[in-house]
Amino acid sequence: MMDLLEVRGLSKSFGGVRAVDNVSFAVDTGIYSVIGPNGAGKTTLFNLITGLYSPSEGSVCVGGVDIVGTAPHAMARLGIARTFQNLQICMNMSALENVMVGAHLRLNRNIIWSHLRLPGLRRRDRELRHEAAEMMRFVGLGDYVDAAASALPYGALKRLEIARALAVKPRIVFLDEPAAGLNPTETLKIDEQIRKVADSGVTVVLVEHDMKMVMNLSDRILVLDSGKKLAEGTAQEVRSSREVIAAYLGTRS
Amino acid sequence: MKRSHYLGLYVIIAIAALLPFVLPNDFYRDLATRMALNAVIVLGLNLLVGYAGQVSLGHAGFVGIGAYATGILTSQFGWNGVVAMGAGACLAGIIALVAARPIFALKGNYLAMATLGLGIIISMILANENKITGGPDGMPVPELVLFGIRCAGASTWYWVVMVVLVLSIWASLNLIDSPFGRALRALHGSEIAAQVVGVDIGRYKLAIFVLAAAYASLMGSLTAHYVGYISPDIAGFQHSIELVTMVVVGGMASVYGSVVGAVLLTMLPQALTAFEGWDTAVTGLVLMLTMIFLPRGLVPSLAQRLAKLRRGG
Amino acid sequence: MTTGAIYALSAIGFTLIFNASKIVNFAQGEFIMLGGMLTFFFLQIELPLAWAVLLAILLPAVIGTLIQRFAIDLAKGADDVVLVIITIGAATFIRGIIKVWLGKNAHSLPPLLDNAPIEVFGASILPQSLCILAITAVLVVALWYLFGRTMTGKAMLATSFNRTVAQLVGINTGGVQVASFAASAALGALGGVLITPIALTAYDVGIMLGLKAFVAAVVGGLGNGRGAIIGGLLVGISEAMVSGYISSAYKDAIPFILILAILFFKPSGIFGAKSAERV
């Protein structure tokens, strides 16, 4: 049986630099983490899979369909959602609306009809408001349901992005450094959220630097170094892999 | 949407209904009509500039297309007024459609320049094609018969334009609050975020550009019939700047701001008749000062102030 | 060709400002206008030509500085849209003041040299044109030297790439920005002074001239000095050719058709660099 996400031979060169070099892996359910030292190509890998960059070689199959070449905005329709390391929140809208916008594809977006206040549309919108509020509560942002996005602290914004990603009702969600910039308390909260997301049936792929979190959370881990796959396996396997230790700590001379 | 957002609409309806009884003479009624005409153009432009965040310095070009389409089709080809207006809007829409794809691939300054260029080319064509358009001196425009109503006289025109204004405000409020409107605002907030939730930003920018062009064109047509005379200036750079000033002063991304901006800036030249020739300088000054001190425009800044007061801040 | 040189001068002005602060100064055209109009004014009040020209170049430089200090600095960190509109507002304001102060009429200035055209390779050129080309050439070389070789020039470039880093390295970014506006205004004014004996000047020539100069800058690649010059010449020559061979009515449209063409096919201009947004 085929896995939800199958990456085969994915490579990307920027000029002379091979940022991602022949990476292959597969994820079906649960939490899959991608780790590696700085510059290992983790975010590039993410951007390749989610369509922000186009690969020099290789394929990315979601549900058996090769998605290489799909425009970034077509990803949501395929059930793929993601968050961003540098946060892409629409500060000009309320927190709730940021989440509501995640449901974009599930609503009537016709420009002509939108000029009228049809009762059907209004009802649907009201329902969406409730749904979005629920989602905010799910990620622990219940207190901010009526707030403007600009009023939320950094840690909350990271969770808001997750809520938005969930509003897409994705099959698989890509989290780009969800714990970056968070203090230990916030990191624990994010940890919880990610577990909840995976438990609800959405496959989670994440890139992270926080080792403790990764080791605790992940079902399987992929270790990248200089764009190449260094090791793959469970937390235990990866922790005891000699190549990984060498890459992170340097070999003894 | 919160009920309070539509409150402003009711206020405007009330004002529009009562105004004729308060105004002393036809001159003021004319002024009010012009304000309303401008307001609808600005509503469309604000959707583009304020909500979608795309600078457009050539918008008057579309107003000109509407004006001249009606003018030429009704006077030289004897077309029915409403059909001519529709044709004008279609033409404006098509031009917007064709020009949009390459234009919106650009950002910031380049976008401004491209729209500027478009507007100027349109106004030049209008000025140069003497045989059809009457050249730089302009041409007269016949009377409009709108669904059986003869649009003549300040009174009829006032009501016609006010109805159009009220409908436009209502429609705009609806649009902003719809999923389409949310996508538009998201696009402005973060194009990447919008894409990631499935918004095809290219198509949305195109759609709103065409919409704004159509609004402008229809109002251009109405203005042409109302004034009875048009000249290429209506599509000129100066006019484009005035429109953008209205958006900016009234408030970007604000429906009521559009109305306020249009009202204030249509009134400005009148208020300055005592200081002959100063209108250019004052427009420039107003533009600069507003952008420096109230970058979000009057209505949003006031709303912010009020919200702070209410919170006890 | 001559007009091309003028466009080139102003295009360099745009480049300067853009390089120092990533702003497009829509008031550039008004500086050109000021050069011509102010010289006319000073001549009217009986100042000797040399003084008139000098003041007509210095004053816009001062005005440029004021614009930078008050308008741009105050609106720190604002959207692109806002800054663009501020410069447009400044331009409109300047135009408005001149309209009221010096009237709407067109004026001319006496040329620097004799008025009789010279025969060169079968075409007749006005001595004024030669003057313009010569001066432009000198300036171009000077600017190339400035940006490429001197610390000041490099400082300006550094500021435009990353203000914070430039400040950390000790560059006076505020000063650089002010200087760029002043220099750009002076260049524009100089262009205005030079072109007025050939084409007239009036309160509203700024719009067209400024826009065309901007086109020149973009065609050559915004931010690229060499490009600005080539762009200016290209625009000037295209205009002349269209005017001569096709129809002079649409002469003014050419720069805009050009810019639309460039923006559609190669937005970074002939020599420009691409920029990307990191996610």
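Residues numbered from 1 in each chain as written. Chains lettered and ligands numbered in written order. Predicted model: local features only at pLDDT ≥ 70, side-chain atom pairs only at ≥ 80, totals over all residues.

S.K.: What should I look at first to understand the overall build of chain B in this one?
M.R.: When helices and strands are counted, chain B shows 14 helices and four strands. Relative to the globule expectation of 20 Å for 313 residues, the C-alpha radius of gyration of chain B, 19 Å, shows essentially globular dimensions. Referenced to the eigenvectors of the C-alpha coordinate spread, the extents of chain B come out at roughly 55 × 50 × 40 Å. When each of the 313 residues of chain B is scored for burial, the buried share is 57%. Once local pairs closer than 6 in sequence are excluded, the contacts in chain B between residues at least 24 apart make up 76%. (Helix = DSSP H or I, 4+ residues; strand = E, 2+ residues; numbered from the N terminus. Rg over C-alpha atoms; globule rule 2.2 N^0.38 Å. Buried ≥ 20, exposed ≤ 12 C-beta atoms within 10 Å, placed from the backbone. Contact = placed C-beta atoms within 7 Å.)

S.K.: In this structure, what is going on with the overall build of chain C? I would like to understand it.
M.R.: Each helix and strand counted, chain C has 11 helices and two strands in total. When the helices and strands of chain C are placed in sequence order, the string is α-α-α-α-β-β-α-α-α-α-α-α-α. In chain C, which comprises 279 residues, the share counted as buried stands at 51%.

S.K.: Explanation requested: the sheet that holds strand β3 (residues 31-35) of chain A in the structure shown.
M.R.: Residues and elements named next belong to chain A. Strand order in the open sheet formed by six strands is β6-β7-β8-β3-β9-β10, with mixed pairing between adjacent strands. With one partner strand each, in any of the chains shown, β6 (80-82) and β10 (228-233) form the two edges of the open sheet. Taking each pair of neighbouring strands and ignoring which way they run, the sheet shows an average axis angle of 20 degrees. Of the pairings in the sheet, the one linking β6 to strand β7 (residues 172-176) comprises three bridges and is parallel in character. Looking at the pairing, Arg-82 lines up with Phe-174 of β7. (Pairing = 2+ DSSP bridges. Axes fitted to C-alpha atoms, helices over the stretch in contact; angles between N-to-C directions.)

S.K.: Sorry if this is basic, but what is going on with the pairing of strand β9 (residues 220-225) of chain A here?
M.R.: It is a general feature of regular strands that their side chains alternate between the two faces of the sheet. All names here are of chain A. A large share of β9 lies buried, amounting to five of its six residues. With four bridges joining them, β3 and β9 adopt parallel strand pairing. When the sheet's bridge partners are listed, Val-34 is paired in β9 with Leu-222. Bridging between β9 and β10 involves five bridges; their strand directions are antiparallel. In the sheet register, Asp-225 faces β10, and the bridge partner there is Lys-228. In this structure, the hairpin formed by β9 and β10 is closed by a connection of two residues, where Ser-226 is found at a positive phi of approximately 50 degrees.

S.K.: Before we go on, may I ask you to explain the confidence of the model for chain C in this structure?
M.R.: Reading predicted coordinates in detail is not appropriate for stretches of low pLDDT. All names here are of chain C. Chain-level pLDDT for chain C is 70 on average; 54% of the residues reach the 70-or-more range. Of the regions scoring below 50 in pLDDT, residues 273-279 engages in seven contacts with residues more than four places distant in sequence or in other chains. Across the interfaces of the predicted complex, the ipTM metric reaches 0.83, alongside a pTM of 0.83. (pLDDT = per-residue confidence, 0-100.)

S.K.: Looking at this structure, how should I read the environment of Asn-22 of chain A?
M.R.: Residue and element names in this part refer to chain A. As for its placement among the helices and strands, Asn-22 is situated in strand β2 (residues 17-27). Once the C-alpha coordinates of Asn-22 and Leu-10 are considered, the two residues, 12 residues apart in sequence, prove to be 4.9 Å apart. In contact with Asn-22, other than residues within four places in its own chain, are Gly-9, Ser-11 and Lys-228.

S.K.: Could you clarify how one ought to interpret helix α5 (residues 184-199) of chain A in this entry?
M.R.: The α-helix advances 3.6 residues per turn, and as a result positions three or four apart in sequence lie on the same side. Residue and element names in this part refer to chain A. End to end, α5 covers 23 Å across 16 residues, agreeing with the expected 22 Å (1.5 Å per residue, within 8%). Turning to α5, its buried residues number three or more, namely Ile-190, Gln-193, Ile-194 and Val-197. Buried residues of α5, viewed axially, fall in a sector of 100 degrees; they line one side. Away from its buried face by more than 90 degrees, α5 exposes Pro-184, Thr-185 and Asp-199. Packing partners of the buried residues in α5 comprise β3, α4 (154-167), β7, β8 (203-207) and α6 (211-217). Backbone geometry just downstream of α5 places Gly-201 in the positive-phi region, at approximately 105 degrees. (Expected span 1.5 Å × (residues − 1). Arc of directions from axis to C-beta.)

S.K.: Would you mind going over the environment of Ile-259 of chain C with me for this structure?
M.R.: If you trace the backbone, Ile-259 of chain C turns up in helix α11 (residues 253-265). Remark: the alpha-carbon pair of Ile-259 of chain C and Val-218 of chain C, spanning 41 residues in sequence, is separated by 7.3 Å.

S.K.: What is the right way to read the environment of Leu-38 of chain C from this model?
M.R.: Within the element layout of this structure, Leu-38 of chain C appears in helix α2 (residues 28-44). Apart from the residues within four sequence positions on either side, Leu-38 of chain C is in contact with Leu-55, Ala-56 and Leu-59 of chain C.

S.K.: In this structure, what is going on with helix α2 (residues 26-51) of chain B? I would like to understand it.
M.R.: All names here are of chain B. Taking 1.5 Å per residue, 26 residues should reach 38 Å; α2 reaches 36 Å between its end C-alpha atoms and fits that length. Along α2, the largest kink reaches about 35 degrees and is centred on Leu-45. Looking one or two places after α2, you find Gly-53, whose phi comes out positive at around 70 degrees. (Bend = angle between axes of the 7 residues up to and from the residue.)

S.K.: Help me understand unusual backbone geometry, please; the structure alone is not making it clear to me.
M.R.: Trans peptide bonds make up the majority, and among non-glycine residues the majority have a negative phi. Residue and element names in this part refer to chain A. The phi torsion at Asn-22 lies on the positive side, around 55 degrees, for a residue other than glycine. A positive phi angle, near 55 degrees, is found at Leu-87, a position not held by glycine. Note on placement: Leu-87 falls in the loop between β6 and α2 (95-100). Among the residues examined, Leu-87 registers 17 C-beta atoms within 10 Å and is labelled partly exposed.

S.K.: Whenever I open this one, the sheet that holds strand β5 (residues 65-66) of chain A confuses me. Can you help?
M.R.: Strand pairing in a sheet relies on backbone hydrogen bonds, with the paired strands running either antiparallel or parallel. Residue and element names in this part refer to chain A. Sheet architecture is open: four strands sit in the order β2-β1-β4-β5, paired in antiparallel fashion. Since the sheet does not close on itself, it has two edges, and those belong to β2 and β5, each with one partner. As paired strands, strand β1 (residues 5-14) and strand β4 (residues 57-62) are joined by five bridges and run antiparallel to one another. The residue of β4 that forms the bridge with Glu-6 is Cys-61. Each of β1, β2 and β4 touches helix α1 (residues 42-49); the most contacted strand, β2, lies at about 65 degrees to it.

S.K.: Before we go on, may I ask you to explain the nonpolar core in this structure?
M.R.: Looking at soluble globular proteins, one finds that nonpolar side chains tend to be buried together. Membership of the largest hydrophobic core comes to 245 residues, with the highest contact counts inside it found for Met-136 and Ala-163 of chain A, Ile-208, Ala-212 and Tyr-215 of chain B together with Ala-189 and Val-215 of chain C. The biggest single contributor to this core is helix α10 (residues 201-227) of chain B, with 17 residues. Counting only domains with at least three residues in this core, you end up with domain 1 (1-79 + 170-253) and domain 2 (88-169) of chain A. Discounting chain neighbours no more than four positions away, the residues touching Ile-208 of chain B are Leu-47, Leu-48, Ala-52 and Leu-184 of chain B. (Core = buried A, V, L, I, M, F, W, Y, C linked by C-beta atoms within 7 Å. Domains from an automatic or database assignment.)

S.K.: How do you make sense of the pairing of β7 of chain A when you look at a structure like this?
M.R.: Residue and element names in this part refer to chain A. Here β7 lies mainly inside the structure; five of its five residues are buried. In β7, alternate side chains face the same way, and those of Ile-172, Phe-174 and Asp-176 on one face and Val-173 and Leu-175 on the other are all buried. In this fold, β7 hands off to α5, which returns the chain to β8; that crossover is right-handed. (Right-handed = clockwise from strand over helix to strand, strands pointing away.)

S.K.: How should the packing of α2 of chain B against helix α7 (residues 154-177) of chain B be read in this particular structure?
M.R.: Residue and element names in this part refer to chain B. Two numbers describe how α2 lies on α7: the axes approach to 9 Å, and their chain directions differ by 20 degrees. Judged by the angle between their axes, α2 and α7 are roughly parallel. Crossing of α2 against α7: the hand is left-handed. When α2 is examined against α7, the residues Asp-26, Arg-29, Asp-30, Ala-32, Thr-33, Ala-36, Leu-37, Ala-39, Val-40, Leu-43, Leu-47 and Tyr-51 are found in contact with a partner set consisting of Ala-154, Trp-157, Tyr-158, Val-161, Met-162, Val-164, Leu-165, Ser-168, Ile-169, Ser-172 and Ile-176. Within the contact of α2 with α7, the residues separate by chemical class into 17 nonpolar, three polar and three charged. (Parallel < 35°, antiparallel > 145°, perpendicular 65-115°, else oblique. Left-handed = near helix turned anticlockwise from the far one by under 90°. Nonpolar A, V, L, I, M, F, W, Y, C, P; charged D, E, K, R; others polar.)

S.K.: What exactly am I supposed to notice about the confidence of the model for chain B here?
M.R.: Averaged over all residues, the pLDDT of chain B is 83; the fraction at 70 or higher stands at 93%. Taking the mean pLDDT of every element in chain B, the minimum, 69, falls on helix α6 (residues 130-133) of chain B and the maximum, 90, on helix α9 (residues 191-196) of chain B.

S.K.: Honestly, the packing of helix α4 (residues 81-103) of chain B against α10 of chain B in this entry has me stumped. Any pointers?
M.R.: Two measures define how a pair of helices packs: the angle their axes make with one another and the distance between the axes. Residues and elements named next belong to chain B. Relative to each other, α4 and α10 sit at 145 degrees, their axes nearing to 8 Å. For α4 against α10, the interelement crossing comes out right-handed. Facing Gly-81, Met-85, Gly-88, Ala-89, Ala-92, Gly-93, Ala-96, Leu-97, Ala-100 and Arg-101 of α4, the residues of α10 in contact are Lys-205, Leu-206, Phe-209, Val-210, Ala-213, Ala-214, Ala-216, Ser-217, Leu-218, Ser-221 and His-225. Looking at the contact of α4 with α10 residue by residue, the classes come out as 13 nonpolar, six polar and two charged.

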